[in-house]
Amino acid sequence: MSKALRQATDTLVQRDAVIRRLHALFGYPAWGRKPKVDERFAYLARSICHQQLAGKAAATIWGRTVDAVRGEVTPAAFLAVSPRQLRAAGLSQSKSMAVLDLARHVAEDRVDLRAIARRDPESIVEELTQVFGVGRWTAEMFMLGALHHLDVWSTGDLGVRRGFALATRRKQLPDPQAMLPLGDRFRPYRSIACHYFWRLADAKTKG
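Residues numbered from 1 in each chain as written. Predicted model: local features only at pLDDT ≥ 70, side-chain atom pairs only at ≥ 80, totals over all residues. Heavy atoms only, no water.

Right, let's get into the packing of aromatic side chains. Inspection of the entire model under this criterion finds seven aromatic pairs. Look at Tyr43 and Phe142: their rings are 6.1 Å apart centre to centre, the planes differ by 65°, and that puts the pair in the edge-to-face class. With Tyr43 in helix 3 (residues 40-50) and Phe142 in helix 9 (residues 136-145), the pair connects residues that are 99 residues apart, well separated along the chain. A relative accessible area of 27% means that Tyr43 is categorised as partly exposed. Judged by its relative accessible area of 1%, Phe142 falls in the buried class. With a centroid separation of 5.5 Å and an interplanar angle of 90°, the aromatic rings of Phe164 and Phe197 are classed as edge-to-face. With Phe164 in helix 10 (residues 158-167) and Phe197 in helix 12 (residues 190-206), the pair connects residues that are 33 residues apart, well separated along the chain. Judged on exposure class, the residue Phe164 and its partner Phe197 are both buried. The lysine or arginine in question, Arg6, covers the ring of Tyr28, its NZ or CZ lying 4.2 Å from the ring centre. (Phe/Tyr/Trp six-rings, centres within 6.5 Å; stacked < 30°, edge-to-face > 60°. Helix = DSSP H or I, 4+ residues; strand = E, 2+ residues; numbered from the N terminus. Buried < 20%, exposed > 50% of the residue type's maximum accessible area, 1.4 Å probe, protein only. Lys NZ or Arg CZ within 6 Å of the ring centre and 35° of its normal.)

Our next topic: the environment of Asp112. Its place among the elements puts Asp112 in the loop between helix 7 (93-107) and helix 8 (121-128). Between the alpha carbons of Asp112 and Glu127 there is a distance of 8.5 Å; along the sequence they are 15 residues apart. For Asp112, the contacting residues outside a window of four places in its chain are Arg119 and Glu127. For Asp112, the side chain forms a polar contact with the main-chain nitrogen of Ala115, separated by 3.3 Å. (Contact = heavy atoms within 4.5 Å. Polar contact = N/O pair within 3.5 Å; in protein donor to acceptor, adjacent residues only side chain to side chain.)

We now examine unusual backbone geometry. Residue Pro188 is bonded to the preceding Arg187 through a cis peptide linkage, with omega at -5°. Relative to the helices and strands, Pro188 resides in the loop between helix 11 (176-182) and helix 12. Positive phi outside glycine occurs at Asp109, with the angle close to 60°. Along the chain, Asp109 turns up in the loop between helix 7 and helix 8. Among the residues examined, Asp109 registers a relative accessible area of 60% and is labelled exposed. One non-glycine residue, Arg169, lies in positive phi territory at about 55°. For Arg169, a relative accessible area of 65% translates into the label exposed.

Of all hydrophobic cores here, the largest spans 37 residues; its most connected members are Phe41, Phe78, Leu102, Leu113, Leu128 and Phe142. Listed by contribution, the elements that provide at least two residues to this core are helix 3, helix 4 (55-68), helix 5 (75-79), helix 7, helix 8 and helix 9. Among the elements that take part in this core, helix 7 stands out by supplying six residues, more than any other. Dropping the residues within four chain positions of it, Phe142 is found in contact with Arg40, Tyr43, Leu44, Leu113, Ile116, Leu128 and Leu147. Residues Ala8, Val18, Phe164 and Tyr196 belong to the second largest nonpolar core, which totals 21 residues. (Core = buried A, V, L, I, M, F, W, Y, C linked by side-chain atoms within 4.5 Å.)

It is worth stressing that arrangement in space is one thing and function is another; only the former is reported here.
This is how it looks when you write it as structure tokens:
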């Protein structure tokens, strides 16, 4: 794990009793490999493909999609194929439109994936949600998984809300709007809190 992530976690553990308990249960957050700058388009395109699909089915369709662009997961490669070819790979009509719209936005510099990490979270959400099929949740997952942004508070994510309710011993699941101010105590490391709440919700689900 990165030095920045470890230091941020240590700070939050020292400061917040809830995070301290979760850290004792789960240890440090496990963030996957951070994609390189030129892999960010592929990360987003894959995220669109995986929306609302089970892991194995999503992986199969993504593999066929990569084959359709001959292994070159770039905006230019996607713009060189037709929606019909993407549909044949298994993408739905809406996902085909979304991936192609993403490719156009990146190719035309309306979405700048090279500079995007330097922006604040709300600006990143605003930029990415210009793309058809990319909502706030997808943008937040990109910030967490691809940019390793330390201060993302994904209040629309059911796992985060469930984990927060469990960790704070709430009987009612807070709605996304109510969750917004509840994350202030974890600033500027709300992403770390999200990871712990996911882990807790997942652990309870598995029993």
